[in-house]
Amino acid sequence: RWDRFTESQEERLDSMAEQTRELRELGQRIQGEHEDMVRVLEQEKDRAEQAVAERQREQARRINNSGVARYHAGDYAQAKALFEQAVEADQLFAEAFNNLGLSLTELGEHEDATVAFEAAIEINPELGAGYNNLGYVLYLQENFEAAIEMYNEAIGREHDTSAAYTNLGNAWQKLGKSEKAVESWKLAMEVDPSNERARRYLDRFAGPAA
């Protein structure tokens, strides 16, 4: 009888061990399935967020294009309103911030224009036009040294640097540095021989033979 009891106990223990193993395996499968489900849900969430962000970017670009059209039509107030909508839709849209700054400059809102250009530069430090335009706003506020710094930053980044060289020459001229001004205008002409602004400045301050 003792042998049968011992054998029965061993069988129960073996059965309990098997059940424990099966429960452990079931728990592991459930955990794995849960992790897979969480991963799938996170992927779906990421895709949904990316889709929303892409729609916002596309909307921002359409609004920005409308703003560009109003800007070139001379309707700077409406252009400003559209560019504000564009940057609200996509707060990482450097070109729209730059365009907003251009509209604000035309409207004489120089402090706000400075903020817009600085935002464009912060988003895209390689945006040469942002430095050039910020330099022009500083120039309008007679902060010529700071303007020169921004024009040089633009020259180091832009492919077509003729406008920045022209503006740089203007700033040097305001500081009474005529030789540096003439040198800058000459560089502007080298980059773009059709730059009439630079040509006029050269004719005026260096003579037609320059």
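To start, this report covers the structure provided alongside it. (Residues numbered from 1 in each chain as written. Predicted model: local features only at pLDDT ≥ 70, side-chain atom pairs only at ≥ 80, totals over all residues. Heavy atoms only, no water.)

Another point: the overall build of the protein chain. Summing up its helical and strand segments, the protein chain has 9 helices and 0 strands in all. Relative to the globule expectation of 17 Å for 210 residues, the C-alpha radius of gyration of the protein chain, 33 Å, shows a markedly less compact shape. Principal-axis analysis of the C-alpha atoms places the extent of the protein chain at approximately 125 × 35 × 30 Å. For the protein chain, with 210 residues in total, the buried portion stands at 34%. (Helix = DSSP H or I, 4+ residues; strand = E, 2+ residues; numbered from the N terminus. Rg over C-alpha atoms; globule rule 2.2 N^0.38 Å. Buried < 20%, exposed > 50% of the residue type's maximum accessible area, 1.4 Å probe, protein only.)

Let us look at the packing of helix H3 (residues 94–106) against helix H4 (residues 110–123). It is at 8 Å that the axes of H3 and H4 come closest, and there the two elements cross at 165 degrees. Taken together, the axes of H3 and H4 are roughly antiparallel relative to one another. Of the two possible hands of crossing, H3 and H4 adopt the one that is left-handed. Contacts between H3 and H4 involve Ala94, Phe97, Asn98, Leu100, Gly101, Leu102, Leu104 and Thr105 from the first element and His110, Asp112, Ala113, Ala116, Phe117, Ala119, Ala120 and Ile123 from the second. (Axes fitted to C-alpha atoms, helices over the stretch in contact; angles between N-to-C directions. Parallel < 35°, antiparallel > 145°, perpendicular 65-115°, else oblique. Left-handed = near helix turned anticlockwise from the far one by under 90°. Contact = heavy atoms within 4.5 Å.)

Right, let's talk about unusual backbone geometry for a bit. Of note, glutamate 142 is a non-glycine position whose phi angle comes to about 65 degrees, a positive value. Among the secondary structure elements, glutamate 142 is positioned in the loop between helix H5 (128–140) and helix H6 (144–155).

Let us now look at the side chain of threonine 114. Along the chain, threonine 114 falls in helix H4. By relative accessible area, which is 14% here, threonine 114 ends up buried. For threonine 114, the residues in contact, after removing those within four places along its chain, are Leu134, Val137 and Gln141.

On the surface, a cluster of negative charge is contributed by Glu84, Glu88, Glu111 and Asp112. For the negative patch, the secondary-structure elements that each account for two or more residues are helix H2 (76–89) and H4. Looking at where glutamate 111 falls in the secondary structure, it is placed in helix H4. (Patch = residues over 30% accessible without salt bridge, like charges linked within 9 Å, V, L, I, M, F, W, Y side chains within 5 Å. Areas by Shrake-Rupley, 256 points an atom, 1.4 Å probe, with all protein chains shown as cover. Salt bridge = Lys/Arg side-chain N within 4 Å of Asp/Glu carboxyl O. Lys, Arg positive; Asp, Glu negative; His and termini not counted. Charge placed at Lys NZ, Arg CZ, Asp CG, Glu CD.)

Moving on: the pattern of salt bridges. Under the counting rule described, the total for this entry stands at 9 salt bridges. Linking arginine 21 and glutamate 18 is a salt bridge whose minimum nitrogen-to-oxygen distance equals 2.2 Å. With arginine 21 and glutamate 18 both in helix H1 (residues 2–72) and 3 residues apart, this pair spans about one turn of that helix. When the shortest N-O distance is used, the salt bridge between glutamate 126 and arginine 157 registers 3.8 Å. Taken as a pair, glutamate 126 in the loop between H4 and H5 and arginine 157 in the loop between H6 and helix H7 (162–174) lie far apart in primary sequence, 31 residues in all. Given a relative accessible area of 53%, glutamate 126 falls into the exposed group. Arginine 157 gets classed as partly exposed once you look at its relative accessible area, which sits at 26%.

The biggest cluster of nonpolar side chains holds 34 residues, and the ones touching the most others in it are Leu134, Leu138, Tyr139, Tyr151 and Leu168. Of all the secondary-structure elements, those providing two or more residues to this core are H2, H3, H4, H5, H6, H7, helix H8 (178–191) and helix H9 (196–205). Counting residues per element, this core draws most heavily on H6, at 8 residues. Residue contacts for tyrosine 139: discarding those within four places in its chain leaves Phe144, Ala147, Tyr151, Asn170, Ala171 and Lys174. With 13 residues, the next largest nonpolar core counts Ala86, Val87, Ala119 and Leu127 among its residues. (Core = buried A, V, L, I, M, F, W, Y, C linked by side-chain atoms within 4.5 Å.)

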